[in-house]
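A look at the structure
Residues per chain, in single letters:
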Amino acid sequence: MYLIEAFFRYTPTEDVTQDPVYLLNQVIDQWRYNGQIIGREVPLYMANLEAQQGLAIRLICPEQQSLLPEYNNQAVENALFKANKRGLFFDSFHIIADDLNSDQTSQHDKVSWQVLYTTHLQSCSPLYSGEDMCPIPLYRVLKDIPHLSMDVIKWQENWQACDQLQMNGSILEQQALAEISDLHSTLSKHGRYLANEIEQHTGIPTYYYLYRIGGNSLAQEQQRCCPQCQKNWRLVQPLFDLFYFKCDDCRLVSNLSWHWQ
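Residues numbered from 1 in each chain as written. Predicted model: local features only at pLDDT ≥ 70, side-chain atom pairs only at ≥ 80, totals over all residues. Heavy atoms only, no water.

What follows is about the side chain of Ser 185. The residue Ser 185 is located in the loop between α5 (173-181) and α6 (186-202) in this model. Within the structure, the side chain of Ser 185 is placed 2.7 Å from the backbone oxygen of Glu 179, a separation counted as a polar contact. For Ser 185, the side chain forms a polar contact with the main-chain nitrogen of Ser 188, separated by 3.1 Å. Excluding residues within four positions of it along the chain, Ser 185 makes contact with Ala 178 and Glu 179. (Helix = DSSP H or I, 4+ residues; strand = E, 2+ residues; numbered from the N terminus. Polar contact = N/O pair within 3.5 Å; in protein donor to acceptor, adjacent residues only side chain to side chain. Contact = heavy atoms within 4.5 Å.)

Structure follows, in structure tokens:
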């Protein structure tokens, strides 16, 4: 992913009912829900570019071209239109550097399968390529369905919050763990619904990652069946040193319990 600085030219209008900072934050929100930028911590500051006064922001983007208009969905266009009416115009952006601390975006244009996956450590799209286990920008596949893209981001936020709670191990640990590891939890049901919707839209098999921890022994863990259909789902060789189990019928993948790795 890339560190990018974007510049918005600002020409104050007679209508002062809308703060330009507020309007720009609305654009930032819609970029994030569309997958064009990653993360919620976005520095925003006054700047001048070629004698033009305006506002600048520093962003993490999945690709060098993520902010091009062709990747905007209708929600982004609406936010930009409202900003334009108040004298705030997206002028330009430039790439500062490759962000060495973030995940590498998948380079595959077409994938044979994909998976909805995240952890509290991930700061990227939660849709991963089954070819290289690299994140796929949401705007590549969900630009025409803004509400679904936003729903995916909200699911990711909830999953990461639960993962952080269970990793911290002090507050709501068991409840949070149940949400990410129980097939029938509210969070898992939501995620599986999203995976199915993504598959219906893209035509690409889309799996849901079910977190696994615990178990009585390594042998018992290796013999566990798919929690949905109860069929054998253990892989001969794990995928990406992460997925030891995969059910093509139920569209589920899972790790070997972290207790036994």
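This part covers the nonpolar core. If you look at the biggest cluster of nonpolar residues, it comprises 46 residues, and the most contacted ones within it are Val 115, Tyr 117, Trp 159, Tyr 209 and Phe 243. Of the residues forming this core, the biggest block, six residues, is contributed by helix α4 (residues 146-168). (Core = buried A, V, L, I, M, F, W, Y, C linked by side-chain atoms within 4.5 Å. Buried < 20%, exposed > 50% of the residue type's maximum accessible area, 1.4 Å probe, protein only.)

Spatially, the four strands line up as an open sheet ordered β2-β3-β1-β4, and their pairing is antiparallel. The sheet is open, and its two borders are formed by β2 (44-49) and β4 (88-98), each paired with just one other strand. Averaged over all adjacent pairs, the angle separating strand axes in this sheet is 35 degrees, with direction ignored. Sheet topology places strand β1 (residues 2-10) next to β4; nine bridges connect them, and they run antiparallel. When the sheet's bridge partners are listed, Ala 6 is paired in β4 with Phe 93. Across the sheet, helix α1 (residues 20-33) lies against β1, β2, β3 (52-61) and β4, angled at about 25 degrees from β3, the strand it touches most. (Pairing = 2+ DSSP bridges. Axes fitted to C-alpha atoms, helices over the stretch in contact; angles between N-to-C directions.)

To continue, consider the sheet that holds strand β6 (residues 127-129). The strand order across the open sheet formed by six strands is β6-β5-β7-β10-β9-β8, and the pairing between neighbours is mixed. Edge positions in the sheet fall to β6 and β8 (234-239), since each of these pairs with one other strand and no more. Neighbour to neighbour, the strand axes of the sheet diverge by 35 degrees on average, direction disregarded. Note that strand β9 (residues 243-247) and strand β10 (residues 252-254) share three bridges and pair antiparallel. Bridging across to β10, Phe 245 finds its partner in Ser 254. Set on the sheet, α6 makes contact with β5 (114-116), β6, β7 (206-210) and β10; between it and β7 the angle comes to about 165 degrees.

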